[in-house]
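Below are the chains, spelled out letter by letter.
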Protein chains: 2
Amino acid sequence: MPAFSSESISAARSHAADAVPLALGIDIGGTKVAAGVVDGHGVIVEELRRVTPGRDARAVEQVIVDLVAELGSRHAIESVGIGAAGWMDLDGARVVFSPHLAWRDEPLRDTLEAMLHRPVLVTNDADAAAWAEARFGAGQGHSRMIMLTLGTGIGGALVLDGKVERGAFGMAGEFGHQIIMPGGHRCECGNRGCWEQYASGNALGREARELAGKQSPMAAALLAAVDGRAEEITGTVVTDLALQGEATSKELIAEVGDWLGLGMANLAAALDPALFVIGGGLSAAGELLLEPARRAYSRNLTGRGYRKEAAIEEAQLGAAAGLIGAADLSRARR
Amino acid sequence: MPAFSSESISAARSHAADAVPLALGIDIGGTKVAAGVVDGHGVIVEELRRVTPGRDARAVEQVIVDLVAELGSRHAIESVGIGAAGWMDLDGARVVFSPHLAWRDEPLRDTLEAMLHRPVLVTNDADAAAWAEARFGAGQGHSRMIMLTLGTGIGGALVLDGKVERGAFGMAGEFGHQIIMPGGHRCECGNRGCWEQYASGNALGREARELAGKQSPMAAALLAAVDGRAEEITGTVVTDLALQGEATSKELIAEVGDWLGLGMANLAAALDPALFVIGGGLSAAGELLLEPARRAYSRNLTGRGYRKEAAIEEAQLGAAAGLIGAADLSRARR
């Protein structure tokens, strides 16, 4: 007989989370810097946003210092986690390469610890978001979760047995750069046929612009939404129209869903996760994206019929996942 | 200052391995059953082979019992590991599905433990081979290794931090079924465009037969090797000719190497291993395969130039890797 009821265990856990010190998470995007004070339940106590001051690394560091000073004046922040797009070293000390910022092999952790007088952890934004979903969001209770953040490209991370799997050199989780169409669309990474050229918000926008450029009558509603300026059609424009029920936009999202499902089936062949969590801007399309994705996943999964299939779910924490995860990961530095 | 020199540590390790009890590994293939008594160094003390008695599960079990009786009469075997193609459950108890044998959701471990009076572990043959290479072969000293066994298809396994990563449901490592060419060649798994249809011994044979079927003068040496019977050209025939320097056969192997490298780049994008180990029948082609594979890998790797690249090495344990790994894994059951 258990000594405690599940209610009392859950209350005890909750008390343990109450005792966890506050951490600050900072998500550095190409256009804005979001900072949030996060408690032991993954709840944001206070959040601030700033415009990203261009690509100048020193200016970005100053924004971080200002945010910590302001939020630190109101909250007892014991550690700081920084999430950004790019490759970080395995120790959480160094930004190896950041696509949107000027950091190149930059010892950001030591620089910031000296400025902030607190333990600092530097992490990839997709890893941070996945960690947040695994610990506080859609992934709770699953030992093997893959998170896909669909936006400009595909951010990815694998959470295995309560740890983000970073690979031998810190570069794991670049799922968007699996080549699924040799000789296909050119990718920013230099290759052709990368998955993110087929299953991202950018891919959706490109396909819609191409359709509109053909003067297809099917693109009438899309063109009307941008006053006839085909070049202004983005993934967000298509998603908004689709959510209003526009047929062509729904078709275009379903096509992206087909590619999404195929790539997930590839990941499942390799990694056999229990759960895929889909986040990022494109996930706003909800079931318009996920229903075709699930169908394509099941259709392309090797061993279908003989195996258990991973669930495919929407992310729960939205755009804040990155800063929540970065904050929580930084606690390990204390 | 270290208390021991590296020589004395290595001697101590060696003594520890001497004290490990003997285990029996049995590799059940489509045509033969190989059994070997394996010591703590991964060395085979004695090996026996039998013809696989068709697909009849009871007959295969009887062969296993006979092999254990015979080898057990000469060696103090304390556990038995069974490796076979197919999907095993996470506990090493049950064969979920085996392509070449009649086992379907078969509780093979319990059945055999009752018959053999020893602890038994049931494992996938590719997982077993990878474990052997990681522990005693090419993978020693690497925390993250992917093994690819190139034969009929592509057997695969990922060894992470000293453990074979099996996934949430025991189906991880089916790398050969990542789809790299949507709409491409049909695969036995039911899909089209699986990697193993492009980068396996079977793929090599198919390409060579197709060339020979076109009556191409380029295929003259290949046709001569099979007395003009194009349908008898296999991957092994091509590999043997290539090793003798025949130009077309070398080209065909290089094409397979190109596909091999592309698929490995996809796996590196996702998993960022330190090492790929290439085994299986096709690996007999050696550098004729690996040199183009390394080139294609580097050419298709996302982030090339900014990242450390995994090494790509030949397996060291040959066809015995499966039984050595199965034997060693079975020790955990004691």
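Conventions we followed
- Residues numbered from 1 in each chain as written.
- Chains lettered and ligands numbered in written order.
- Predicted model: local features only at pLDDT ≥ 70, side-chain atom pairs only at ≥ 80, totals over all residues.
- Heavy atoms only, no water.
- Domains from an automatic or database assignment.
- Contact = heavy atoms within 4.5 Å.
- Buried area = accessible area lost by both parts, 1.4 Å probe.
- Salt bridge = Lys/Arg side-chain N within 4 Å of Asp/Glu carboxyl O.
- Polar contact = N/O pair within 3.5 Å; in protein donor to acceptor, adjacent residues only side chain to side chain.
- Helix = DSSP H or I, 4+ residues; strand = E, 2+ residues; numbered from the N terminus.
- Nonpolar A, V, L, I, M, F, W, Y, C, P; charged D, E, K, R; others polar.
- Expected span 1.5 Å × (residues − 1).
- Buried < 20%, exposed > 50% of the residue type's maximum accessible area, 1.4 Å probe, protein only.
- Pairing = 2+ DSSP bridges.
- Axes fitted to C-alpha atoms, helices over the stretch in contact; angles between N-to-C directions.
- Least-squares fit on C-alpha atoms with pLDDT ≥ 70 in both.

## Remarks on the domain arrangement of chain A
All names here are of chain A.
Link 1 in the chain: Along its sequence, chain A is organised into domain 1 (6–131 + 320–333) and domain 2 (141–315).
Link 2 in the chain: Here domain 1 and domain 2 have C-alpha centroids that lie 27 Å from each other.
Link 3 in the chain: Each side of the interface is counted separately: domain 1 has ten residues, and domain 2 has 16 residues.
Link 4 in the chain: Roughly 1,100 Å² of surface becomes buried between domain 1 and domain 2 when both sides are summed, with 63% attributable to carbon and sulfur atoms.
Link 5 in the chain: One can count one salt bridge joining domain 1 with domain 2.
Link 6 in the chain: Between Asp-127 and Arg-166 there is a salt bridge, with its nearest N and O atoms 3.2 Å apart.
Link 7 in the chain: Taken together, the connections running from domain 1 to domain 2 amount to four residue pairs in polar contact (both at pLDDT 80 or more).
Link 8 in the chain: Listing elements by their share of the side of domain 1 that touches domain 2, those giving two or more residues are strand 5 (87–88) and helix 4 (125–136).
Link 9 in the chain: The element that contributes the greatest number of residues to the side of domain 1 that touches domain 2 is helix 4, accounting for five residues.
Link 10 in the chain: Tallied by class, the residues present in the side of domain 1 that touches domain 2 amount to eight nonpolar, no polar and two charged.

## Topic: helix 2 (residues 57–72) of chain A
Residue and element names in this part refer to chain A.
Link 1 in the chain: An ideal rise of 1.5 Å per residue puts 22 Å on 16 residues; helix 2 measures up with 22 Å between its terminal C-alpha atoms.
Link 2 in the chain: Every buried residue of helix 2 is accounted for by Ala-57, Val-60, Glu-61, Val-63, Ile-64, Val-65, Leu-67, Val-68 and Leu-71.
Link 3 in the chain: Put simply, Asp-56 is the residue that caps the front of helix 2, since its side-chain oxygen is 3.0 Å from the backbone nitrogen of Arg-58.

## Examining helix 10 (residues 321–330) of chain A
Residue and element names in this part refer to chain A.
Link 1 in the chain: The element helix 10 is extensively covered by neighbouring structure, given that ten of its ten residues are classed as buried.
Link 2 in the chain: Residues Ala-321, Gly-322, Leu-323, Ile-324, Gly-325, Ala-326, Ala-327, Asp-328, Leu-329 and Ser-330 constitute the buried set of helix 10.
Link 3 in the chain: Along its buried surface, helix 10 packs onto strand 1 (22–28), strand 2 (32–38), strand 3 (44–51), strand 4 (77–84), strand 8 (120–124) and helix 4.

## Re unusual backbone geometry
Negative phi is the rule for most residues except glycine; trans is the rule for most peptide bonds.
All names here are of chain A.
Link 1 in the chain: Although it is not a glycine, Asp-227 adopts a positive phi angle of roughly 50°.
Link 2 in the chain: Residue position: Asp-227 is located in the loop between helix 6 (220–225) and helix 7 (235–243).
Link 3 in the chain: What makes Asp-227 exposed here is its relative accessible area of 61%.

## Brief notes about the sheet that holds strand 3 of chain A
Residue and element names in this part refer to chain A.
Link 1 in the chain: Overall, mixed pairing links the five strands, which are arranged 3-2-1-4-8 in an open sheet. Single-partner strands in this sheet number two, and they are strand 3 and strand 8. The mean angle between the axes of side-by-side strands here comes to 20°, regardless of whether they run parallel or antiparallel.

## Things to note about the relation of the copies chain B and chain A
Link 1 in the chain: For the pair chain B and chain A, the best superposition has an RMSD of 0.1 Å and corresponds to a rotation of 180° with a translation of 0.0 Å parallel to the axis. In symmetry terms, the pair is related by a two-fold rotation axis. Within chain B, Ile-180 of chain B has its C-alpha nearest the rotation axis, a separation of 2.4 Å.

## Observations regarding the environment of Val-120 of chain A
All names here are of chain A.
Link 1 in the chain: For Val-120, the position within the fold is in strand 8.
Link 2 in the chain: The spatial distance from the C-alpha of Val-120 to the C-alpha of Leu-24 is 9.5 Å, given a sequence separation of 96 residues.
Link 3 in the chain: Setting aside chain neighbours within four positions, we find Val-120 in contact with Val-80, Ile-82, Arg-109, Leu-112, Glu-113 and Arg-333.

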